[in-house]
Amino acid sequence: MNEVRIGMVGYKFMGKAHSHAYRDIPMFFPDAPRPVMKLICGRNEEGVRRAARQFGWEEAVTDWRELVRRDDIDLVDINAPSDAHKEIALAAAEAGKHLFCEKPLALTLADARQMLAAAEAAGVKHMIGFNYRFAPAVRLAKKLIDEGRLGRIYHFRAAFLQDWIIDPDFPLVWRLDKNVAGSGAHGDLGAHLIDMARYLVGEMTEVIGMSETFVKERPLPGSMTGLSATGGTGGAKGPVTVDDATLFMARFACGALGSFEATRFAGGHRCTNSFEVNGSLGSVKFDFERMNELHVYFAGDDADVQGFRRVLATDPAHAYADAWWPPGHTIGYEHTFIHETVELLEALQENRQPVPNFHDGVQCQAVLEAVERSIEQKRWVRPDDL
Ligand code: SOE
């Protein structure tokens, strides 16, 4: 497979990130199959036509059914709001298209399972967009853990902190509507933490959480794009139906303990996606706002130099370094999507499932839902029991 012909649904924040990845791949990963940007789809005709021109897609359509039906599309890339994922994925799988879907996979665990089952029944490849796994510093953390260099893992401690809706007058965008988004900070940010935890430390056996919606009503939006929005006219308000913050604790199958915090109310934190792992032989610390760095501690260091050291994960020893710049010349957010998409294209070429895939999406959804149930019922819940 020398090229993959793509149809993409959605053209806002993630649509732009994915389009940019497709454009950069032939230049920086010339051995990967070439992504062909065939067709982009969005509900607003003028908006999607503009996006097609700006991002470099051959054609624009307003009905995703048209895109799914086309014979000249191999892969359907789903960037639409979360409530649209399932219907598009089921139709695309039935039409024999490979699937690439943004997180969270679906609004519910039942829907996520249905999507995985449909992809398996159709025999297509499926990938979910957990892009943070693809930062070189995260790959280094994974390598150190897998090689046993941190020893037995005791703790995974993670926080995804943002503040973009801390103003109570920020409008009621789709991410604050349960029917469209499924949940709030929990599914939007917590999903990334859960995926990171599963990637680094393994499955969770039980969870218990708490959550809060600090601002219960907000002005109805006028226009919205990405994470920005303007208030509508008339001053009408509507209810916020998702969590503003969700925190939970977990036990891992390997015996480690986990703590997780996802919030959109952490003033001053724009995109602090951070974790720390502590093991018997060492620790690692990561914060996405300094995404090229991993802080590493080894208990075996000489006593007089004990402490965390800052490793800049851009040397030839680090993942993806040979595709980019000389050591120390850092990369950014968009590169996580490029690496993620290379994994997808290579998996298609090698006729294997990409990682992470819908199975990971389902496991993540099981933890999200177990936390929600634990909050409702005020007790520990085992994701495996759902
Ligand atoms: C907004 O909270 C957001 O863009 C999420 O939707 C993304 O998944 C996350 O990576 C950054 O923040």
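Just so you know, these numbers come straight off a predicted model, no measurement behind them.

(A) Quick peek at the environment of Thr246. Tracing the backbone through its elements, the reader meets Thr246 in strand β13 (residues 245-252). For Thr246, a relative accessible area of 3% corresponds to the buried category. Placed 61 residues apart in sequence, Thr246 and Ala185 show a C-alpha to C-alpha distance of 6.6 Å. Contact partners of Thr246, with chain neighbours within four places excluded, come to His186, Met210, Ser211, Phe260, Glu261, Ala262, Val371 and Ile375. For Thr246, the side chain forms a polar contact with the side chain of Asp243, separated by 2.9 Å.

(B) The arrangement of the state of the cysteines in detail. Taken as a whole and assessed by the stated rule, the structure comprises 0 disulfides. We note that Cys271 lacks a disulfide partner, and the nearest cysteine sulfur, in Cys364, lies 16 Å from it. The thiol sulfur of Cys364 is not disulfide-bonded, and the nearest other cysteine sulfur, from Cys101, lies at 12 Å.

(C) Quick peek at the packing of aromatic side chains. All chains considered together, the criterion is met by 18 aromatic pairs. Ring centres of Trp164 and Phe170 lie 5.6 Å apart, and the angle between their planes is 85 degrees; on these two criteria the pair is classed as edge-to-face. When its relative accessible area of 15% is taken as the criterion, Trp164 is described as buried. Between Phe214 and Phe265, the ring centres sit 5.0 Å apart and the planes meet at 50 degrees, which makes this aromatic pair tilted. A residue pair is termed long-range when its members are at least 10 positions apart, and Phe214 in the loop between β8 (204-212) and β9 (217-219) and Phe265 in the loop between β14 (257-263) and β15 (272-279) qualify at 51 residues. Owing to a relative accessible area of 48%, Phe214 belongs among the partly exposed residues under this scheme. Phe265 gets classed as buried once you look at its relative accessible area, which sits at 18%. Clustering of aromatic rings is evident, with ring pairs tying together Phe13, Tyr132, Phe160, Phe288, Tyr333 and Phe337. Across the ring face of Tyr199, the terminal group of Lys142 is positioned such that the distance to the ring centre comes to 4.9 Å. Between the NZ or CZ atom of Lys285 and the centre of the ring of Phe308, over which it lies, the distance is 4.3 Å.

(D) The arrangement of the packing of helix α4 (residues 85-94) against helix α5 (residues 109-122) in detail. At a closest axis distance of 9 Å, the pairing of α4 and α5 adopts a crossing angle of 10 degrees. Overall, the two elements α4 and α5 adopt an arrangement that is roughly parallel. Here His85, Lys86, Ala89, Leu90 and Ala93 of α4 come into contact with α5, specifically with Asp111, Gln114, Met115, Ala118, Ala119 and Ala122. Among the residues forming the contact of α4 with α5, the class breakdown is 7 nonpolar, 2 polar and 2 charged.

(E) Examining the pattern of salt bridges more closely. In the structure shown here, the tally under the stated rule is 30 salt bridges. Where Glu350 meets Arg352, a salt bridge forms, and the shortest distance between an N and an O atom there is 2.7 Å. The exposure class assigned to Arg352 is partly exposed, which follows from its relative accessible area of 29%. The structure contains a network of salt bridges with shared partners spanning Arg133, Asp195, Arg198, Glu203 and Asp360.

(F) Highlighting the sheet that holds β13. Across the sheet, 8 strands lie side by side as β8-β13-β14-β7-β15-β16-β17-β18; this open sheet has mixed pairing. The open sheet is flanked by β8 and β18 (309-312), the only strands paired with a single partner. The mean angle between the axes of side-by-side strands here comes to 15 degrees, regardless of whether they run parallel or antiparallel. Its contacts with the sheet place helix α6 (residues 136-146) against β7 (153-161), β15, β16 (282-287), β17 (293-298) and β18, and it is angled at close to 25 degrees to β17. Running over the sheet, helix α10 (residues 358-377) touches β8 and β13 and is turned about 60 degrees from β8.

How each quantity is defined
Residues numbered from 1 in each chain as written. Predicted model: local features only at pLDDT ≥ 70, side-chain atom pairs only at ≥ 80, totals over all residues. Heavy atoms only, no water. Helix = DSSP H or I, 4+ residues; strand = E, 2+ residues; numbered from the N terminus. Buried < 20%, exposed > 50% of the residue type's maximum accessible area, 1.4 Å probe, protein only. Contact = heavy atoms within 4.5 Å. Polar contact = N/O pair within 3.5 Å; in protein donor to acceptor, adjacent residues only side chain to side chain. Disulfide = S-S within 2.5 Å. Phe/Tyr/Trp six-rings, centres within 6.5 Å; stacked < 30°, edge-to-face > 60°. Lys NZ or Arg CZ within 6 Å of the ring centre and 35° of its normal. Axes fitted to C-alpha atoms, helices over the stretch in contact; angles between N-to-C directions. Parallel < 35°, antiparallel > 145°, perpendicular 65-115°, else oblique. Nonpolar A, V, L, I, M, F, W, Y, C, P; charged D, E, K, R; others polar. Salt bridge = Lys/Arg side-chain N within 4 Å of Asp/Glu carboxyl O. Pairing = 2+ DSSP bridges.

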